[in-house]
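Chains, contacts and geometry: an overview
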Number of protein chains: 2
Amino acid sequence: MSTSQEQDQLKNRRRGKELEAAILQAVREELTERGYSNLTMDSVAERAGTSKAVLYRRWANRAELVLGAIRERVPLPLEEVPDNGNLRDDVCGVLRAMNQNNIQVMLNAFYGLVAEMGDMPLASFIFPHGRQNRTMSILLERAVERGEVSAEAVTPRMLTLPSDLARHELMLYNAPMSEETIANIVDEVYLPLVLKR
Amino acid sequence: MSTSQEQDQLKNRRRGKELEAAILQAVREELTERGYSNLTMDSVAERAGTSKAVLYRRWANRAELVLGAIRERVPLPLEEVPDNGNLRDDVCGVLRAMNQNNIQVMLNAFYGLVAEMGDMPLASFIFPHGRQNRTMSILLERAVERGEVSAEAVTPRMLTLPSDLARHELMLYNAPMSEETIANIVDEVYLPLVLKR
DNA sequence: CAAATAAGAAACTTCAAGTATCTTATTTGG
DNA sequence: CCAAATAAGATACTTGAAGTTTCTTATTTG
């Protein structure tokens, strides 16, 4: 028997970037459906409708392949940072956004990668382009202009504190944060430190 | 040729708890010297001077074995919580203690376990007996008595905040925190939130 | 001291990583 | 347009580690 997919493969043999994109997509689907530890080179090759040799021509090993598949999809700096008119809602929005975007799948993959590549710290996967926080810079700048926050309060620590606590929560529990947790971080920790009084 | 160790094994065949303790010690040494991903059942058996069958009689798989080896050694609640006479030094002491005790080896193992046992969150390994902070409770109680902190300031979040930030740092970088980092957590985040003003 | 129990040795099965070889589709350059 | 180069795809292979099985033998226990 020959399925239509098999026929596609016979007719159109993909190459180069097109093939590569299909493979990386297959990796992401495997990660989502079966997790890092159940992802095998064979399962990826089969899902992508290609063969293992093709994978090894592009990536040196499984870790590199997975890394390639998730690196593309890491941080997405919003061009338009939403403006709610007050710092509280702005920061809550940032933390809510961290719940999105298959964070759990990514973290599972990161843990596998860190365990496998003993030397690389988690940070090198989570912050592939260095640890910045452009979004928080913008939000705080606006808050300073509004008069909610004084300029001296804007320190490096205050750029990362809410997302650090949120990430800690996500890493520990591998589940989206509740609204209560988000509110607690913002209202009990962050705002008392940065708002003028 | 027969080494003295081989002869020991022939003469004294260990059993029960004694043998089990030797195996778990071997696991910890393998984790320390070679890391989770290079720890194999054979390497553990060889180091412990026993055989793989003995391991499988006691633990269902590699993950259970490693779990058994690190569970024993998890949190050690200090009976004597040191009193420096001020909250700042007390909390710095708590964070400094988190640098100790092969935290990096443990984290590497935790990551491997989480990746392998897809369902268990990191928290279940890091807080095997639930998330409490007896030490911080004691320190804050003393600070309240001293008048440094008001009783209402002692909330659940304030019991965990410094160690949460420290753990986040340790998890990300897999390296001991610098004194600067410790001081920053305590002076720029924690004390401004809890000290009376 | 005999029977039961558990340790240890070693061979085996299974599965996945990674390699090698060969055929064939597609591209490219003359 | 065709021949040569290139890369895809199939398949078989090697290696290493998890986990199993079987057998022998040391140690305990009654």
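Notes on the structure follow. (Residues numbered from 1 in each chain as written. Chains lettered and ligands numbered in written order. Predicted model: local features only at pLDDT ≥ 70, side-chain atom pairs only at ≥ 80, totals over all residues. Heavy atoms only, no water.)

1. Quick look at the overall build of chain A
Looking only at helices and strands, chain A features eleven helices and zero strands. Going residue by residue from the N terminus, the α and β elements of chain A occur as α-α-α-α-α-α-α-α-α-α-α. Relative to the globule expectation of 16 Å for 197 residues, the C-alpha radius of gyration of chain A, 21 Å, shows a markedly less compact shape. Its C-alpha atoms put chain A at 75 × 35 × 30 Å along the principal axes. For chain A, the residues scored as buried account for 45% of the 197 residues in total. A separation threshold of at least 6 residues defines the contact pool for chain A, and within that pool the share at least 24 residues apart is 72%. When the accessible surface of chain A is totalled, it reaches about 10300 Å², and 49% of it is carbon and sulfur. Each charge class in chain A was averaged separately, 24 positive and 28 negative side chains, and the resulting centres sit 7 Å apart. (Helix = DSSP H or I, 4+ residues; strand = E, 2+ residues; numbered from the N terminus. Rg over C-alpha atoms; globule rule 2.2 N^0.38 Å. Buried < 20%, exposed > 50% of the residue type's maximum accessible area, 1.4 Å probe, protein only. Contact = heavy atoms within 4.5 Å. Areas by Shrake-Rupley, 256 points an atom, 1.4 Å probe, with all protein chains shown as cover. Lys, Arg positive; Asp, Glu negative; His and termini not counted. Charge placed at Lys NZ, Arg CZ, Asp CG, Glu CD.)

2. Description of the pattern of salt bridges
Following the criterion strictly, the structure yields 36 salt bridges over all chains and no others. Among the ionic pairs, Asp83 of chain A bridges to Arg146 of chain A, the shortest N-O distance being 3.0 Å. Of this pair, Asp83 of chain A sits in the loop between α5 (62-71) and α6 (87-99) while Arg146 of chain A sits in helix α9 (residues 134-146), and the two are 63 residues apart along the sequence. With relative accessibility at 31%, the residue Arg146 of chain A sits in the partly exposed group. In this structure, the salt-bridge partner of Glu30 of chain B is Arg47 of chain B, at a minimum N-O distance of 2.8 Å. Of this pair, Glu30 of chain B sits in helix α2 (residues 16-34) while Arg47 of chain B sits in helix α3 (residues 41-48), and the two are 17 residues apart along the sequence. Note on Glu30 of chain B: relative accessible area 4%, which makes it buried. Look at Arg47 of chain B and you get partly exposed, because its relative accessible area is 27%. One network of salt bridges, with partners in common, ties together Glu29, Glu30, Glu33, Arg34 and Arg47 of chain A. (Salt bridge = Lys/Arg side-chain N within 4 Å of Asp/Glu carboxyl O.)

3. Considering the interface of chain A and chain B
At the interface, 35 residues of chain A touch 35 residues of chain B. Overall, the association of chain A and chain B removes approximately 2900 Å² of surface from exposure, summing both partners, and the carbon and sulfur fraction of that is 62%. Contact with chain B buries surface across chain A, with Arg157, His168 and Leu172 of chain A losing the most and accounting together for 21% of the total. Between chain A and chain B we count zero salt bridges in total. On inspection of chain A and its partner chain B, the count reaches 14 residue pairs in polar contact (both at pLDDT 80 or more). (Buried area = accessible area lost by both parts, 1.4 Å probe. Polar contact = N/O pair within 3.5 Å; in protein donor to acceptor, adjacent residues only side chain to side chain.)

4. Structural notes on the packing of aromatic side chains
Scanning the entire structure with this criterion turns up three aromatic pairs over all chains. Judged by centre distance (6.2 Å) and plane angle (20 degrees), the rings of Phe110 of chain B and Phe125 of chain B are stacked. With Phe110 of chain B in helix α7 (residues 103-116) and Phe125 of chain B in helix α8 (residues 122-126), the pair connects residues that are 15 residues apart, well separated along the chain. Of the two residues, Phe110 of chain B and Phe125 of chain B, both sit in the buried class. The aromatic ring of Tyr36 of chain A is capped on one face by Arg62 of chain A, whose charged end is 4.4 Å from the ring centroid. (Phe/Tyr/Trp six-rings, centres within 6.5 Å; stacked < 30°, edge-to-face > 60°. Lys NZ or Arg CZ within 6 Å of the ring centre and 35° of its normal.)

5. Considerations on the relation of the copies chain A and chain B
Superposing chain A onto chain B takes a rotation of 180 degrees combined with a translation of 0.0 Å along the rotation axis, leaving an RMSD of 0.0 Å. Classification of the inter-copy transformation places it as that of a two-fold axis. A shared binding surface is used by both copies, with 100% of the interface residues of chain A retained as interface residues in chain B. (Least-squares fit on C-alpha atoms with pLDDT ≥ 70 in both.)

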